[in-house]
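Reading the structure
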Amino acid sequence: MSQDFSAEQKRYLEGFAAGAAATRVVGGPGAASAEPSGPDAPHLRAQDAQTRAGGKLADQEKWKREEHPFDAYHRLAREAATGKLPGPADNFRWRYFGLFNVAPAQDSFMLRMRIPNGILKAHQLAGSADLASRYGGGYVHVTTRANLQMREIRPENAKALLEDLMDLGLVAKGSGADNIRNVTGSPLAGIDGQELLDTRPLCRDWHFHILNERVLYGLPRKFNVSFDGAGVSPALEETNDIGFQAVRVLDGAGVDPGIWLRIVLGGISGHHDLARPTGAFCRPDEATAIADAIIRVFIEHGDRTNRNRARLKYVLDAWGFEKFLSAVEDQLARKLVRIDEAHVAPRAPTDRYAHVGVHRQRQEGLNWIGVVLPVGKLTADQAKGLAAIASDLGDGDVRLTVWQNLILSGIADADVAAAEDAVSKLGLSTAITPIRAGLVACTGNAGCKFAAANTKQHAMDIADHVEARVAIDVPVNIHLTGCHHSCAQHYIGDIGLIGARVPVNEDGDTVEGYDVVVGGGFAENARIGRYLWKGVKASDAPRHVEALLKTYLAHRTNPDETFQAFTLRHDTARLEALVAPHLSVMKEAAE
C-alpha cells in the first residue's frame, strides 16, 4: 500500500493518534470523559481545560501526553544503544533524563546534572572527570546554575553514563525540558561570616523533594528556585521563578523576630523581568511546602498553548500577586504570613570578588579559595587536580558558582600557599581581576544549535583584548549569551551581549555578532540592562567593550562610582556620544 498520504490525510492521522493517546491516558476505550487519575492527573486536567477553552496544545504538551518521558526510559536505552540520536519529540523526552541531542552543533548528547546548592564532594568531581573522559569529550563545563555539564557523548554511551553517574551519588533526572532545574543557593553557605542562614539544608530538602514527587515534572515550562542566605556572595535568586531571601525581621512586626525568608516571584531576566517581593514571608522549615504549593498552582494555570508565555511570570502578570497568593494559600490550606518591609533589616552588601581569590572563613584558621575558570571550562585533568586539592588540603567540598567558577573551602592558613601553587600548576588562577571575576558565557554555537555566536571564544577574546589595554580598577561583569534563551543572563551584566547575525552586504550575507546592553545588575543593584548598540560584529566587540570602559574611566564622577551607576546617569544618546570618540580612534588605529 502506498505510504504517500495527502496533507488532509496526514492531519486526520495525527488527530487520530493524539486522540487515541489521550484516551489511553484517561482510561481506555469508552472512557474519554473519565477523570484523569494518578500522578500525572493535574497536568492532564490542565491540558483538558485549555483545549476545552479553545486552545491548541503546544507540541511539547502533546508529546508529554502521548508518552510520558519517564515511561520511555527503556526505549531510550534500546534506541541509544544502536547509535540513534532522537528526533524532536524524543529529544524533548530524553531531557527528562538529563540528555540533550545538541545536533547540528555536535552530533552527540550533552548531559546536565543536578547538584543542589552547587556543592559536590571531591570524589564526585574526580569521578565526573573520569566519566567525561570515558564517555564524552574529556572536559566539563560549570554552568550559570552552579551545575556541571558534559558534552560529546555518543548515544551508545548514554545508558552507561547515567548509571555510572548514579554510582557517584549524582543524578541528572529532570535537569532539562519542562522541569524544575538545579536548585541554587549561596555558594559560601556554612562558611560565610556574614550570612544569616546556611542554605545547604534548604537546597538539599528541595532537591530530594523534587526527585521523589513525579507530579513536579512536566510543568508548563521550565522552573527555577533559589535560596539566598544574605552572605557576601549572592545566589542571584532575583533571576528565578521563586526566590527565598534570608532576612532579619525586627521587633514590632507582629511575628516573632529573627530569621525569616522573603518570598519573591516571577524572575526571568531573558523576558526583562526580575523576581519581585510578594509581601509574603515564611520560616525556613516551611520553604519546601510553600514552593511545592506555588508550583502546583502553576501546573494548573500555566499556559500550555503558547511556549513564549508559559513561564510563571505570565500567570503573575495576568493575575497579580494577591490573586496568585490566594490560590497558593488554598493549596496550602492556610494563610501565608505577611510582614511590613519597615520591620525588615536591610540586607548586608555583597562582595563582587568573594567568589575568587583567598578569603577568611568564619571558622578560625580556615579559608576559601575561589578558582577562576575560562568561562566555566575544566579539562578532566584539571578537574581531577582540583578534586585532589579539595581532598588533601581542604574540607573535601567543591563549591560551584553561578559565575561559572568554583570554590575550594576549608583550607588551613598554613596550606593556602600550597593550594594556590597547586591550582597554578593546573593552568588555572586564583587571581582577582576586575574582568575575569565576572566574565560569563553560555555554551555558544560551538555546542548549541540556538546560539548565533561562539560566545565562549568571544568572551575570552574580549577579556584578553581589554586587559591588555584598559587599567580598569573596579569589577565589571560582562555576560555573553548566544540567543534569546539568555542562559548567560546578559541583561544583568554591567555589559551584556546577546548573539545576533550581522548583515555585511546587500546580498544578505551575515557574520557572527552581538546586540549590546549596559547597566544591568544583581543583588542590591538588581536591574535589567538597556540596549546601547545593535548588530556589532563579533570581531568588533572587543573594541566596543574597550571604548565603553575607557569612557567610564574618563567620565565617572569619582573612583567610587560603579560602571552601572555611570551608565544610569546618562540616557542612551548621551552615552553613545561619550563613547563615539573612543570608538573612532580605535577604528582609525585598526585601519
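A word on the pairing of strand β18 (residues 495–503). Where a strand is regular, its side chains alternate between the two sheet faces. Taken across its nine residues, β18 has seven buried, putting it largely inside the fold. Here strand β17 (residues 478–481) pairs with β18 via four bridges, running parallel. Its bridge partner lying in β18, Thr-481 is registered against Ile-498. Looking at chain direction, β18 and strand β19 (residues 510–518) are connected through nine bridges and run antiparallel.

On to the sheet that holds strand β6 (residues 225–228). Strand order in the open sheet formed by five strands is β6-β7-β8-β9-β10, with mixed pairing between adjacent strands. The sheet terminates laterally at β6 and β10 (337–338), the two strands that pair on one side only. Bridge count between strand β8 (residues 258–265) and strand β9 (residues 276–282): four bridges; the pairing is antiparallel. Bridge pairing links Leu-261 to Cys-282 in β9.

A few words on the side chain of His-43. With respect to the helices and strands, His-43 occurs in helix α2 (residues 41–52). Looking at His-43, its side chain comes within polar contact range of the side chain of Arg-304, at 3.1 Å. Residue contacts for His-43: discarding those within four places in its chain leaves Val-215, Tyr-217, Gly-218, Leu-219, Ile-299 and Arg-304.

The next point concerns the nonpolar core. Within soluble globular proteins, side chains that are nonpolar tend to cluster in buried spots. Ranked by size, the top nonpolar core spans 108 residues in total, and within it Leu-111, Trp-206, Phe-223, Phe-244, Leu-386 and Leu-408 carry the most contacts. Among the elements that make up this core, the one with the highest residue count is helix α9 (residues 287–301) (nine residues). In contact with Phe-223, not counting residues within four places along its chain, are Asn-179, Ile-180, Arg-181, Asp-241, Ile-242, Ile-294, Ile-295, Phe-298 and Leu-312. With 37 residues, the next largest nonpolar core counts Ile-462, Val-474, Tyr-552 and Val-579 among its residues.

So, on to unusual backbone geometry. Pro-104 follows Ala-103 through a cis peptide bond whose omega is 5°. Of note in the backbone geometry, Ala-333 takes a positive phi value of approximately 65° without being a glycine. Relative to the elements of secondary structure, Ala-333 occurs in the loop between α11 (321–332) and β10. With relative accessibility at 69%, the residue Ala-333 sits in the exposed group. The backbone phi angle of Ser-486 is positive, close to 55°, even though this residue is not glycine. Secondary-structure assignment places Ser-486 in the loop between β17 and β18. For Ser-486, a relative accessible area of 5% corresponds to the buried category.

On to the packing of helix α14 (residues 455–467) against helix α15 (residues 541–555), then. At a minimum axis separation of 9 Å, α14 and α15 run at an interaxial angle of 45°. When the axes of α14 and α15 are compared, the pair comes out oblique. The crossing of α14 and α15 is right-handed. Contacts between α14 and α15 involve Asp-461, Ile-462, His-465 and Val-466 from the first element and Ala-541, Pro-542, Arg-543, Val-545, Glu-546 and Leu-549 from the second.

The subject of this paragraph is the environment of Glu-163. Checked against the element boundaries, Glu-163 lands in helix α7 (residues 158–167). On the basis of relative accessibility, which here comes to 33%, the residue Glu-163 falls in the partly exposed class. For Glu-163 and Asp-540, which are 377 residues apart along the polypeptide, the C-alpha to C-alpha distance reads 45 Å.

For Arg-145, the location among the structural elements is in the loop between β4 (139–142) and β5 (148–153). Placed 34 residues apart in sequence, Arg-145 and Leu-111 show a C-alpha to C-alpha distance of 14 Å. Apart from residues no more than four positions distant in its own chain, Arg-145 is found in contact with Arg-181, Asn-182, Val-183, Thr-184, Asn-224, Val-225, Asn-240 and Val-402. At a separation of 2.9 Å, a polar atom in the side chain of Arg-145 contacts the main-chain carbonyl oxygen of Asn-182. One polar contact links Arg-145 to Asn-240, side chain to side chain, over a distance of 2.9 Å.

Glancing now at the packing of aromatic side chains. Within this structure, the stated rule accounts for 13 aromatic pairs. The interplanar angle of 50° and the centroid separation of 4.9 Å between the aromatic rings of Trp-403 and Phe-522 together place this pair among those described as tilted. Of this pair, Trp-403 sits in the loop between β14 (397–400) and β15 (406–412) while Phe-522 is found in the loop between β19 and β20 (530–537), placing the two residues 119 residues apart along the sequence. Residue classification places Trp-403 among the buried positions, given a relative accessible area of 5%. Feature note: the residues Trp-63, Phe-70, Tyr-73, Phe-92, Tyr-96, Phe-97 and Tyr-217 constitute an aromatic cluster, connected by ring pairs. Stacked on the ring of Phe-70, the Lys or Arg Lys-173 has its end atom at 5.1 Å from the ring centre. Its end group placed over the ring of Tyr-531, Lys-534 keeps NZ or CZ at 4.7 Å from the ring centre.

Let us now look at the confidence of the model for the protein. Of the residues in the protein, 94% have a pLDDT of 70 or more, and the chain-wide mean is 93. Low pLDDT, under 50, characterises residues 10–32; the predicted model gives this stretch 15 contacts beyond four residues in sequence or across chains.

Below, the discussion takes up the sheet that holds β4. Two pairing modes exist for strands in a sheet, parallel and antiparallel, and in both the strands are linked by backbone hydrogen bonds. One open sheet accounts for five strands, arranged β1-β2-β5-β4-β13; its pairing is antiparallel. In this open sheet, the two strands that pair with only one neighbour each are β1 (99–101) and β13 (377–379). Here the strands of the sheet are splayed against their neighbours by 25° on average, with no regard to which way each runs. Bridge count for β4 against β13 is three bridges, and the pairing is antiparallel. Bridge pairing in β13 links Val-140 to Leu-378. Packed onto the sheet, α7 meets β1, β2 (109–112) and β5 and runs at close to 15° relative to β2.

Calculation rules
Residues numbered from 1 in each chain as written. Predicted model: local features only at pLDDT ≥ 70, side-chain atom pairs only at ≥ 80, totals over all residues. Heavy atoms only, no water. Buried < 20%, exposed > 50% of the residue type's maximum accessible area, 1.4 Å probe, protein only. Helix = DSSP H or I, 4+ residues; strand = E, 2+ residues; numbered from the N terminus. Pairing = 2+ DSSP bridges. Polar contact = N/O pair within 3.5 Å; in protein donor to acceptor, adjacent residues only side chain to side chain. Contact = heavy atoms within 4.5 Å. Core = buried A, V, L, I, M, F, W, Y, C linked by side-chain atoms within 4.5 Å. Axes fitted to C-alpha atoms, helices over the stretch in contact; angles between N-to-C directions. Parallel < 35°, antiparallel > 145°, perpendicular 65-115°, else oblique. Left-handed = near helix turned anticlockwise from the far one by under 90°. Phe/Tyr/Trp six-rings, centres within 6.5 Å; stacked < 30°, edge-to-face > 60°. Lys NZ or Arg CZ within 6 Å of the ring centre and 35° of its normal. pLDDT = per-residue confidence, 0-100.

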